[in-house]
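# Descriptive structure summary
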Amino acid sequence: MTTDQRHIAHLHLHAVPDEGQHADTIDLLTGITPHVQTVSPDAVQLDLTSALRYFDLPPYDLVQLAQLRLMALYGIESSAGLAANRMLATMAADASAPGHATWVPAERAAAWLRPRPVTGLPGIGRATATTLGKYGLHSIGQVADLPAVTLQRLLGAGAARLLAERAQGHDPRPVTPLEPAAHLVADLVLDRDCLDPEGHHRAVLGLADHIGQRLRGESQVTGRLTLTVRYADRSSTTRTRALPEPTNHSPALAAAFLGLLAALGLQRARVRAFVARADGLLPADGAHRQLSLDPGDTRARTVEKAADRARRRFGPRALHPAALADDHRRRGPGDSMS
């Protein structure tokens with residue numbers, strides 16, 4: 001089927017987030033993929049297909065990364081399912097214990113479905129289950145093997161057709177993405193609490209570079225930056241700065257974010273995570289940039305364009321700022337930040 005190559009994740013949140021937490025959660029997940037759909041107050045679905053090359057991670061690892069960040073940043077535990085379509089991902093999440101994820105690869109979906117109870121299929125109510133049970137049809141495999149004509153006699157044409165599709169593991173529904181965000185968010189959860197100012201500097205520099213890459217990739221510029229620092233005791237502090245002019249130039253973003261970091265005066269604070277946010281997004285082709293007479297600025301922008309082309313061709317790890325070359329965090333820039 002046409003959805004076999006998709007990678008859909010369903011996250012069931014084991015706490016209903018309040019309005020503020022929900023917005024933060026969506027911000028975090030849309031940093032991984034823009035294809036995010038809220039399906040209930042405590043569940044979201046993500047189409048990870050287009051994000052795999054960008055993060056250079058296997059699908060299962062990307063789902064676990066999302067779960068880890070939800071827990072580390074907001075204390076939200078989740079169960080996850082990963083499959084080729086929305087229905088299978090939902091069922092896989094239902095089969096997962098809190099904090100774990102179940103992956104149902106497309107080639108094993110039929111075998112995974114067969115022994116499961118027919119009531120596990122979405123939309124199968126008590127009346128339908130009772131009718132099927134009268135004829136000894138209790139598992140999904142039994143329904144899948146039933147001739148279409150027989151199933152139509154039991155349930156009617158419309159209901160039988162839908163049930164047969166679901167029993168075969170088919171679900172053509174796409175993940176409907178949210179409206180384009182008016183901001184971008186990048187976060188970094190550290191392996192351990194960091195007291196080293198140089199480590200803080202590298203972390204923020206990596207986030208600034210990541211924000212710049214994403215802005216340029218989406219042909220946008222930002223006019224306002226926010227840096228949030230979360231500490232070991234789960235408290236946090238935030239600083240915001242308006243930029244002199246909208247930009248997507250990584251050195252300009254880095255200078256602004258590092259200025260916000262300096263304003264926080266962390267010294268040897270026990271930092272658990274950093275969250276960088278770019279607001280006031282505008283199309284890059286409609287933004288005005290003050291001309292610079294500095295040839296170094298022109299060279300830097302030329303190099304930046306070449307680096308972006310290299311990353312698109314060879315992956316996000318192809319190039320990174322020299323200051324991050326010895327960074328020993330869990331993952332390097334471009335695959336650890338959303």
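Residues numbered from 1 in each chain as written. Predicted model: local features only at pLDDT ≥ 70, side-chain atom pairs only at ≥ 80, totals over all residues. Heavy atoms only, no water.

### Thoughts on the overall build of the chain
Stated precisely, the cut-off is as follows: Counting from the N terminus, the helices are the DSSP runs of H or I reaching at least four residues and the strands are the DSSP runs of E reaching at least two. Relative accessible area decides the class of each residue, using a 1.4 Å probe on protein chains only: under 20% of the type maximum gives buried, over 50% gives exposed, and in between gives partly exposed. Whether two residues are in contact is decided by their heavy atoms, any of which lying within 4.5 Å being enough. A 1.4 Å probe and the Shrake-Rupley method give the accessible areas. Residues count as covered only by the protein chains that appear here.
Within the chain, the secondary structure is distributed over twelve helices and ten strands. A buried classification covers 47% of the 338 residues belonging to the chain. For the chain, long-range pairs separated by at least 24 residues make up 70% of all intrachain contacts whose partners lie at least 6 apart in sequence. Surface summary for the chain: the accessible area is close to 16600 Å², and the carbon and sulfur share equals 54%.

### Here's the deal with the packing of helix 6 (residues 126-134) against helix 8 (residues 148-155)
Note the threshold: For helices, the fitted line uses only the C-alpha atoms of the stretch in contact; every axis is such a line through C-alpha atoms, and the angle between N-to-C directions lies from 0 to 180 degrees. Under this scheme an angle from 65 to 115 degrees is roughly perpendicular, one under 35 degrees roughly parallel, and one over 145 degrees roughly antiparallel; angles in between are oblique. In this scheme the handedness of a crossing depends on how the near helix is turned from the far one: anticlockwise by less than a right angle means left-handed, clockwise means right-handed. Under the scheme applied here, ten amino acids are nonpolar (Ala, Val, Leu, Ile, Met, Phe, Trp, Tyr, Cys and Pro), four are charged (Asp, Glu, Lys and Arg), and all others, including Gly, are polar.
Look at helix 6 against helix 8: their axes get within 10 Å of each other, and the N-to-C directions meet at 125°. Accordingly, the angle class assigned to the pair helix 6 and helix 8 is oblique. Judged by the twist between their axes, the crossing of helix 6 over helix 8 is right-handed. From helix 6, T128, T131 and L132 reach across to helix 8, where they touch L151, L154 and L155. Considered class by class, the residues forming the contact of helix 6 with helix 8 number four nonpolar, two polar and no charged.

### Here we look at the side chain of T25
By the element assignment, T25 lies in helix 1 (residues 19-32). Setting aside residues no more than four positions away along its own chain, T25 makes contact with L13, L70, Y74 and I76.

### Observations concerning the environment of S50
Summarising the element assignment, S50 is placed in the loop between strand 3 (43-47) and helix 2 (51-55). For the pair formed by S50 and P34, sequence separation is 16 residues and the distance between their alpha carbons is 9.2 Å. Not counting residues within four places of it along the chain, the set of residues in contact with S50 comprises T33 and H35.

### Topic: the nonpolar core
Spelled out, the test is: Side-chain atoms within 4.5 Å are what join buried Ala, Val, Leu, Ile, Met, Phe, Trp, Tyr and Cys residues into a set we call a nonpolar core.
Grouped together as the largest cluster of nonpolar side chains are 31 residues, with contacts concentrated most on I211, L225, L227, F257, L266, V271 and F274. Those elements that place two or more of their residues in this core are strand 6 (184-194), helix 10 (197-217), strand 7 (220-231), helix 11 (250-264) and strand 9 (271-279).

### With respect to the confidence of the model for the chain
Do not read the fine detail of predicted coordinates wherever pLDDT is low. Note the cut-off: Each residue gets a pLDDT score, which is the predictor's confidence in that residue and runs from 0 to 100.
With 82% of its residues at a pLDDT of at least 70, the chain reaches an overall mean of 83. Segment residues 328-338: pLDDT under 50, and 44 contacts once partners within four positions in sequence are set aside and those in other chains are kept.

### Notes on the sheet that holds strand 4 (residues 78-83)
Spelled out, the test is: By definition, two strands form a pair when at least two bridges between them are found by DSSP.
Ordered by their spatial adjacency, five strands build an open sheet running 2-3-1-4-5, and the pairing between neighbours is mixed. Looking at which strands have only one partner, the edges of the open sheet turn out to be strand 2 (36-40) and strand 5 (101-103). Each strand of the sheet is rotated relative to its neighbour by a mean of 15°, with strand direction disregarded. The sheet contact formed by strand 4 and strand 5 spans three bridges and is parallel. Counted as the bridge partner of A80 is A101 from strand 5. Sheet contacts for helix 3 (residues 59-74): strand 1 (8-13), strand 4 and strand 5; angle to strand 4, the most-contacted strand, approximately 160°. Where helix 4 (residues 86-94) meets the sheet, its contacts fall on strand 1, strand 2, strand 3, strand 4 and strand 5, and the angle it forms with strand 4 comes to roughly 145°.

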